[in-house]
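Here is what each chain is made of, one letter per residue.
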There are 2 protein chains.
Amino acid sequence: MNVEYINPFISSTVKALTTMCSLKPERGRPYLRSASTPTKSDISGTIGVAGEATGSVTVNFPQEVAIKMVENMLGIQVDEINEDVKDAVGEIANMVAGGAKGELAEKGYGFKIALPVVCVGKSHYTAYPKDVPCVVIPFTLPEGEFTVEIALKINGK
Amino acid sequence: MNVEYINPFISSTVKALTTMCSLKPERGRPYLRSASTPTKSDISGTIGVAGEATGSVTVNFPQEVAIKMVENMLGIQVDEINEDVKDAVGEIANMVAGGAKGELAEKGYGFKIALPVVCVGKSHYTAYPKDVPCVVIPFTLPEGEFTVEIALKINGK
């Protein structure tokens, strides 16, 4: 598996969190996810991508991390997953996929991006088609961990 | 809001359930979803679409309906949301979006489709960006109800 397309997503994730929420996530070591070890989260944001690379990019947050992000963004106290939190998670998914797009087009993995779909539910998880490898990038913040999942099929490669 | 793009999704949903699961869903009246009345489900399948129409198509199932579909497909008893159920929900999302694609291209709503993302979690729900209208199409089967959500932005229209 060629994972040269992973780095642009790491940069765009760090940039999204820094720019939007003044938080500097530390990244862990990316790994290939197996179907039996899904990443559980309380709120996730997914962007579909289609083109030379086709699949999806998902950001997965525990509730407390998502809330902290929005508190930092808006400078107010947030007690639960409200509209602001959902909007922020969708926007972060958008920035992660959109930010990586230009760099990936230069490497020959051009794609168009869809609009974010935010999924809310205590300990939910995502699953992908069997033939689509999913790389998980773990990130750490003082408030907890979150992950970015990149499930892409590179057409013709 | 122009909803002439809804009918192809209704036909493709009925066709997907009939072909794959020998089930004939009866459709209810489509409605515009507001952020405050999300559709809760136990397993959902989302396909991102990008092009002249950009956004997503999501199929939402209660556990018992998803299980019944797979029992019909495979002719075996299924007790929980297992790999077969996740695969089936992803494939149905794919057939719903892919089946509508050709007809929509003729109407000027051409798009590419991403790969399915299946979300599993008791009573989870999806949310979309504020400026993206979401049309919900309810369907009924003897085993229960399910919905198809179409959250699309038509570029330049």
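Structure: above.
Below is a summary of the structure that appears in this document. Keep in mind the model is a prediction, meaning the values are calculated, not measured. (Residues numbered from 1 in each chain as written. Chains lettered and ligands numbered in written order. Predicted model: local features only at pLDDT ≥ 70, side-chain atom pairs only at ≥ 80, totals over all residues. Heavy atoms only, no water.)

## What about the overall build of chain A?
Point 1. Along chain A, the regular secondary structure elements total three helices and eight strands.
Point 2. Along chain A, helices (α) and strands (β) appear in the sequence α-β-β-β-β-α-α-β-β-β-β when read from the amino end.
Point 3. In terms of principal-axis extent, the alpha carbons of chain A reach across some 50 × 30 × 25 Å.
Point 4. For chain A, buried positions account for 56% of its 157 residues.
Point 5. By sequence separation, contacts in chain A at least 24 residues apart represent 70% of the contacts at least 6 residues apart.
Point 6. In the structure as shown, chain A presents an accessible area of about 6,600 Å², 49% of it carried by carbon and sulfur atoms.
Point 7. Once the 15 positive and 18 negative side-chain charges of chain A are each reduced to a mean point, those two points are 8 Å apart. (Helix = DSSP H or I, 4+ residues; strand = E, 2+ residues; numbered from the N terminus. Buried < 20%, exposed > 50% of the residue type's maximum accessible area, 1.4 Å probe, protein only. Contact = heavy atoms within 4.5 Å. Areas by Shrake-Rupley, 256 points an atom, 1.4 Å probe, with all protein chains shown as cover. Lys, Arg positive; Asp, Glu negative; His and termini not counted. Charge placed at Lys NZ, Arg CZ, Asp CG, Glu CD.)

## Quick notes on the pattern of salt bridges
Residue and element names in this part refer to chain A.
Point 1. In total, this model carries 10 salt bridges over all chains according to the counting rule given.
Point 2. The salt bridge partner of E149 is R33, with a shortest N-O separation of 2.9 Å. Taken together, the residues span a long stretch of sequence, with E149 in strand β8 (residues 144–154) and R33 in strand β2 (residues 31–33) at a distance of 116 residues. By the burial criterion, E149 is buried, and R33 matches it. (Salt bridge = Lys/Arg side-chain N within 4 Å of Asp/Glu carboxyl O.)

## Considering the environment of B:I81
Residue and element names in this part refer to chain B.
Point 1. Turning to its location among the elements, I81 is positioned in the loop between α2 (63–74) and α3 (83–106).
Point 2. When its relative accessible area of 16% is taken as the criterion, I81 is described as buried.
Point 3. In this structure, the C-alpha to C-alpha distance between I81 and P116, residues 35 residues apart in sequence, is 17 Å.
Point 4. Discounting residues that sit within four places of it in the chain, I81 has contacts with D42, I43, Q63, I67, K86 and V120.

## Details of the side chain of A:T39
All names here are of chain A.
Point 1. Within the element layout of this structure, T39 appears in the loop between β2 and β3 (41–51).
Point 2. For T39, the side chain forms a polar contact with the side chain of E149, separated by 2.8 Å.
Point 3. Excluding residues that lie within four positions of it along the chain, T39 makes contacts with R33, N60, H124, Y125, V136, T147 and E149. (Polar contact = N/O pair within 3.5 Å; in protein donor to acceptor, adjacent residues only side chain to side chain.)

## Quick notes on helix α2 (residues 63–74) of chain A
All names here are of chain A.
Point 1. Here α2 is 12 residues long and its end C-alpha atoms lie 17 Å apart, about the 16 Å a rise of 1.5 Å per residue gives.
Point 2. For α2, every residue scored as buried is listed here: V65, A66, I67, M69 and V70.
Point 3. If you follow the buried residues of α2, they end up packed against α1 (7–21), β3, β4 (53–61), α3 (83–106), β7 (134–141) and β8.
Point 4. G75 occupies a position one or two residues after α2 and carries a positive phi of about 70°. (Expected span 1.5 Å × (residues − 1).)

## Regarding the pairing of strand β6 (residues 117–127) of chain A
Point 1. Burial runs high along β6(A): nine of the 11 residues are buried.
Point 2. By the bridge criterion, six bridges tie β6(A) to strand β6 (residues 117–127) of chain B in an arrangement that is antiparallel. Counterpart to A:Y125 in the pairing with β6(B) is B:V120. (Pairing = 2+ DSSP bridges.)

## Focus: the environment of A:T54
Point 1. Structurally, A:T54 is set in strand β4.
Point 2. Given a relative accessible area of 10%, A:T54 falls into the buried group.
Point 3. Each C-alpha atom of the pair A:T54 and A:L152 lies 5.5 Å from the other, and the pair is 98 residues apart in sequence.
Point 4. Apart from residues no more than four positions distant in its own chain, A:T54 is found in contact with A:V49, A:A151, A:L152, A:K153, A:N155, B:I113, B:A114 and B:L115.
Point 5. Reaching out from A:T54, the side chain makes a polar contact with the backbone oxygen of A:G51 at a distance of 3.1 Å.

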